[in-house]
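Per-entry structural report
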Amino acid sequence: MSGRLAGKVAIVTGAASGIGKASAALFVAEGATVIAADVEAGEGIVGADAGREDDVVGLIELAKREHGGLDVFFANAGISGGLASIFEQTPADWQEILRVNLIGPWLAVKHAAPVMKDRGGGSIIATASVAGIRACAGGPAYSASKAGVINLVTVAATQLCGANIRVNAICPGLIETGMTKGIFDGARASGREEMLGQLNPLKRYGMPEEIARAALFLASDDSSYVNGHALVVDGGLSATHPFYRQEYGRTAF
């Protein structure tokens, strides 16, 4: 089979919808054998909680048992936690968001790297966000978790020195996915759909397939010298990162 991932075995988490679904489909089209996972099992989807160690280990064992090893792990699963302020969120909110969004990618690195080393190398990709770069692109815990992901890939890339395993992140801007459904539904219901994505220079929001193509680049040998990097795919939003400023005790528009 030809393709940019021909002969590769890949795991994609959060694969039931959005970026994960688009990436799994593109990886298959490019020749990979893909284990698509999400928190709930479904047609073509293996049930796994990306923030639970036993589940991550189980996915990797599945790749070894049924496909002989692992070459690519796209740790894409994540939750938003909403847009509540620091003063409205609870410790439980933070613990759950960090568990899925940051501990999940760490578990992917911890358990995928030894298996990839046995294959001579590999690529680990984590979904971060522009919210991890600057403020006001997401809720507090979500933003902190994504900043952690960006730092995680730099640390992991360094600690995997000499293993031929690349670790990178993708930082999407506003993308229409299941996680952002509330934002899009609200804008459409109020007749303001044309405002979505208007803060970036391209003046539009992104689609999951556009992030999937970035993931394909990082998964493939096309990015063979890209390591410890956070690839921003946001239409130019973070070039200036304009936002509505929230002031303590009230919101200013």
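Residues numbered from 1 in each chain as written. Predicted model: local features only at pLDDT ≥ 70, side-chain atom pairs only at ≥ 80, totals over all residues. Heavy atoms only, no water.

Regarding the overall build of the protein
Each helix and strand in the protein was counted, giving 7 helices and 9 strands. Burial statistics for the protein: of 253 residues in total, 46% are counted as buried. Put simply, of all contacts in the protein between residues at least 6 apart along the chain, 69% involve residues at least 24 apart. For the protein, the exposed surface amounts to about 12400 Å²; the carbon and sulfur share of it is 55%. (Helix = DSSP H or I, 4+ residues; strand = E, 2+ residues; numbered from the N terminus. Buried < 20%, exposed > 50% of the residue type's maximum accessible area, 1.4 Å probe, protein only. Contact = heavy atoms within 4.5 Å. Areas by Shrake-Rupley, 256 points an atom, 1.4 Å probe, with all protein chains shown as cover.)

Some remarks on the packing of helix α3 (residues 91-118) against helix α4 (residues 140-159)
At a closest axis distance of 9 Å, the pairing of α3 and α4 adopts a crossing angle of 15 degrees. By the angle between their axes, α3 is roughly parallel relative to α4. Taken as a pair, α3 and α4 cross one another with a handedness that is right-handed. Judged by residue contacts, W94, I97, L98, N101, L102, P105, W106 and V109 of α3 engage P140, A141, Y142, A144, S145, K146, G148, V149, L152 and A156 from α4. Considering only residue class, the contact of α3 with α4 consists of 14 nonpolar, 3 polar and 1 charged. (Axes fitted to C-alpha atoms, helices over the stretch in contact; angles between N-to-C directions. Parallel < 35°, antiparallel > 145°, perpendicular 65-115°, else oblique. Left-handed = near helix turned anticlockwise from the far one by under 90°. Nonpolar A, V, L, I, M, F, W, Y, C, P; charged D, E, K, R; others polar.)

Examining the pattern of salt bridges
One pass over the full model with this rule turns up 9 salt bridges. Here D54 and R52 are joined by a salt bridge, their closest N and O atoms 3.8 Å apart. Across the pair R99 and E96 runs a salt bridge, and its minimum N-O distance is 2.9 Å. With R99 and E96 both in helix α3 and 3 residues apart, the pair spans about one turn of that helix. Take R99: its relative accessible area is 22%, and that puts it in the partly exposed class. Its relative accessible area of 35% is what places E96 among the partly exposed residues. Among the charged side chains, a network of salt bridges with common partners joins D49, E96 and R99. (Salt bridge = Lys/Arg side-chain N within 4 Å of Asp/Glu carboxyl O.)

What to know about the environment of L152
Looking at the element boundaries, L152 is found in helix α4. For L152 and L102, which are 50 residues apart along the polypeptide, the C-alpha to C-alpha distance reads 8.3 Å.

Let's talk about unusual backbone geometry
Backbone geometry at N164 places phi at a positive 60 degrees, although glycine is not the residue there. As for its position among the elements, N164 is in the loop between α4 and β6 (165-172). Phi at K203 takes a positive value of approximately 60 degrees, unusual for a residue other than glycine. Inspection of the secondary structure puts K203 in the loop between α5 (181-189) and α6 (208-219).

Digging into the nonpolar core
In terms of nonpolar packing, the biggest core is built from 34 residues, with I11, I60, L70, F73, I165 and V167 touching the most fellow members. The biggest single contributor to this core is α3, with 7 residues. Contact partners of V167, with chain neighbours within four places excluded, come to V109, I124, V153, A156, A157, L160, N227, G228 and H229. Counting 21 residues, the second largest nonpolar core, distinct from the first, contains F27, I45, I175 and A215. (Core = buried A, V, L, I, M, F, W, Y, C linked by side-chain atoms within 4.5 Å.)

Side note on the sheet that holds strand β7 (residues 230-233)
As summarised here, the arrangement of the 7 strands in space is β3-β2-β1-β4-β5-β6-β7, forming an open sheet in which the pairing is parallel. The sheet is open, and its two edges are formed by β3 (46-47) and β7, each paired on a single side. Across 4 bridges, strand β4 (residues 72-75) lies against strand β5 (residues 122-127) in parallel orientation. Looking at β5, one finds that A75 is bridged to A126. Across the face of the sheet, α6 comes into contact with β4, β5, β6 and β7 while running at roughly 165 degrees to β6. (Pairing = 2+ DSSP bridges.)

Some words on the side chain of Q89
Inspection of the secondary structure puts Q89 in the loop between β4 and α3. Only 3.5 Å separates the side chain of Q89 from the backbone nitrogen of A141, close enough to count as a polar contact. Filtering out sequence-adjacent residues up to four positions away, Q89 remains in contact with G81, A84, W94, I97, P140 and A141. (Polar contact = N/O pair within 3.5 Å; in protein donor to acceptor, adjacent residues only side chain to side chain.)

Brief notes about helix α2 (residues 53-67)
Across its 15 residues, α2 extends 21 Å between first and last C-alpha, which sits within 8% of the 21 Å expected from 1.5 Å per residue. Among the residues making up α2, those that are buried are V56, L59, I60, L62 and A63. One side of α2 holds all its buried residues, which, seen down the axis, span an arc of 145 degrees. Among the exposed residues of α2, those oriented more than 90 degrees off its buried face are D54 and R65. Looking at the buried residues of α2, the elements they touch are β1 (9-13), β2 (33-38), β3, β4 and α3. Positive phi appears at G68, one or two residues downstream of α2, with a value of about 85 degrees. (Expected span 1.5 Å × (residues − 1). Arc of directions from axis to C-beta.)

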